[in-house]
Amino acid sequence: GAVVSQHPSWVICKSGTSVKIECRSLDFQATTMFWYRQFPKQSLMLMATSNEGSKATYEQGVEKDKFLINHASLTLSTLTVTSAHPEDSSFYICSAKTSGSSYEQYFGPGTRLTVT
Amino acid sequence: AQSVTQPDIHITVSEGASLELRCNYSYGATPYLFWYVQSPGQGLQLLLKYFSGDTLVQGIKGFEAEFKRSQSSFNLRKPSVHWSDAAEYFCAVGGAENTDKLIFGTGTRLQVFP
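Residues numbered from 1 in each chain as written. Chains lettered and ligands numbered in written order. Predicted model: local features only at pLDDT ≥ 70, side-chain atom pairs only at ≥ 80, totals over all residues. Heavy atoms only, no water.

**Section: the overall build of chain B**
Basically, it comes down to this: Where helices and strands are cited, they refer to DSSP runs of H or I of at least four residues and of E of at least two residues respectively, numbered from the N terminus. Atoms counted for the radius of gyration: C-alpha only. Globule rule: 2.2 Å times the number of residues to the power 0.38. When a residue's accessible area, from a 1.4 Å probe over protein chains only, is under 20% of the maximum for its type it is buried; when over 50% it is exposed; and in between it is partly exposed. Contacts were defined at the residue level, with two residues in contact if any of their heavy atoms lie within 4.5 Å. Shrake-Rupley sampling with a 1.4 Å probe provides the accessible areas, and residues are treated as covered by the protein chains on show and by no other component.
Broken down by element type, chain B carries zero helices and twelve strands. The secondary structure elements of chain B, listed N-terminal to C-terminal, are β-β-β-β-β-β-β-β-β-β-β-β. Relative to the 2.2 N^0.38 estimate, which gives 13 Å for 114 residues, the radius of gyration of chain B is 14 Å and therefore close to what a compact globule would have. For chain B, the spread of C-alpha atoms along the principal axes amounts to about 45 × 30 × 20 Å. Expressed as a percentage of its 114 residues, the buried residues of chain B come to 46%. In chain B, of all internal contacts separated by at least 6 residues, the share reaching a separation of at least 24 is 53%. Total accessible area on chain B is roughly 5,400 Å²; 48% of this is exposed by carbon and sulfur atoms.

**Overview of the state of the cysteines**
Using the following cut-off: Note that a disulfide, as used here, is simply two cysteine sulfur atoms within 2.5 Å.
Across all of its chains, the model carries two disulfides over all chains by this definition. A disulfide bridge connects B:C23 with B:C91, and the sulfur atoms are separated by 1.9 Å. Where B:C23 bonds to B:C91 through sulfur, the torsion about that S-S bond is close to -65°, and the disulfide is left-handed. Remark: B:C91 occurs in strand β10 (residues 87-94) and B:C23 occurs in the loop between β3 (19-21) and β4 (24-26); sequence separation between them is 68 residues. Using a relative accessible area of 0% as the deciding quantity, one classes B:C23 as buried. In this model A:C13 remains outside any disulfide bridge; the closest cysteine sulfur is found in A:C94, 18 Å from its own.

**Description of the pairing of β10(B)**
Residue and element names in this part refer to chain B. So the rule is basically this: For two strands to count as paired, DSSP must find a minimum of two bridges between them.
Along β10, eight of the eight residues are buried, which leaves the element largely enclosed by surrounding structure. Summarising the sheet, strand β5 (residues 32-38) and β10 pair through seven bridges and their orientation is antiparallel. Bridged to V37 within β10 is Y89. Taken together, the three bridges between β10 and strand β12 (residues 108-113) define a ladder with antiparallel strand orientation. Its bridge partner being in β12, E88 is matched across the sheet by R109. Both β10 and strand β11 (residues 102-104) contribute to a ladder of three bridges, which runs antiparallel. Pairing of A92 across the sheet is with F104, part of β11.

**With respect to the nonpolar core**
Note the threshold: Remark: nonpolar core denotes a set of buried residues (Ala, Val, Leu, Ile, Met, Phe, Trp, Tyr, Cys) joined through side-chain atoms within 4.5 Å.
Membership of the largest hydrophobic core comes to 28 residues, with the highest contact counts inside it found for B:L19, B:W35, B:L47, B:L48, B:F74, B:L76 and B:Y89. Those elements that place two or more of their residues in this core are β2 (10-14), β3, β5, β6 (44-50), β8 (64-68), β9 (73-78), β10 and β12 of chain B. In this structure, B:L48 is in contact with B:L33, B:F34, B:W35, B:V57, B:Q58, B:G59, B:F63, B:E64, B:A65, B:F74 and B:L76, ignoring residues within four places of it in sequence. Counting residues in each nonpolar core, the second largest holds 25 residues, with A:V19, A:M33, A:A48 and A:A56 among its members.

**Regarding the pattern of salt bridges**
Charged atoms that come close allow side chains of opposite charge to pair. Residues and elements named next belong to chain B. Just so we agree on the cut-off: One speaks of a salt bridge when a side-chain nitrogen belonging to Lys or Arg is within 4 Å of a carboxyl oxygen belonging to Asp or Glu.
With the rule as written, the count across this model stands at ten salt bridges over all chains. Across the salt bridge formed by D8 and R22, the nearest N and O atoms sit 2.9 Å from each other. Of this pair, D8 sits in the loop between β1 (3-5) and β2 while R22 sits in the loop between β3 and β4, placing them 14 residues apart in sequence. A relative accessible area of 37% means that R22 is categorised as partly exposed. Between E88 and R109 there is a salt bridge, with its nearest N and O atoms 3.1 Å apart. Taken together, the residues E88 in strand β10 and R109 in strand β12 connect sequence positions 21 residues apart. According to the relative accessible area criterion, E88 is buried, its value standing at 8%.

**Describing the interface of chain B and chain A**
Stated formally: Summed over both partners, the accessible area lost on bringing two parts together, with a 1.4 Å probe, is the buried area.
Each side of the interface is counted separately: chain B has 22 residues, and chain A has 21 residues. A buried area of about 1,700 Å², summed over both sides, lies between chain B and chain A, and 58% of it is on carbon and sulfur atoms. Counting the surface chain B buries against chain A, the share from its top three residues, B:L44, B:D100 and B:K101, is 30%. At the junction of chain B and chain A, the tally comes to three salt bridges. A salt bridge links B:K49 to A:E104; the nearest nitrogen and oxygen atoms lie 2.5 Å apart.

This is the structure in structure tokens:
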């Protein structure tokens, strides 16, 4: 149980285009989803927290107009990187939690984004 | 502010040897503590967690961790390491800033030699 999927697993896009990453909870309802960014050999950096039906809460320094997050249902959240640039290339990981899981988060497998 | 410290960036052990990965936290209340493992190019998998009760917790893959309040530590241990344990290990504390956030340590990369 508690499986989180991400799609795509990897994507290459040209500079200036936008790319959407999906995060789905497959067997549970995720009241809260999180988006992280991870640079090579570094820890996870929380980008934003999203609750179903609400606007996402972004961490300090994360551009909300560049990283659009939508949590439209209890099983789906999307991250759209708008007008991507090479410096946006990274590993993006989502996670999800239920309302009563005592802070435990279930992580997706990650999406490798390369902007050329 | 809450924080998590993993003092060891990189650890190398021989297969079959014992392992201890260190984790120290800074947190005002009783922490919710987690250990996650990440294989290259993958997401994070939960190894074990501590919320309350017995301070020695058992996890998957033969791992265990001990919560020591007096030392603000939650070290991960395994008596005999397997080559497949080579990965990145992250300690995390939950409930920080009265939110659902997890605060992660910087991670420890484990290499296992045959």
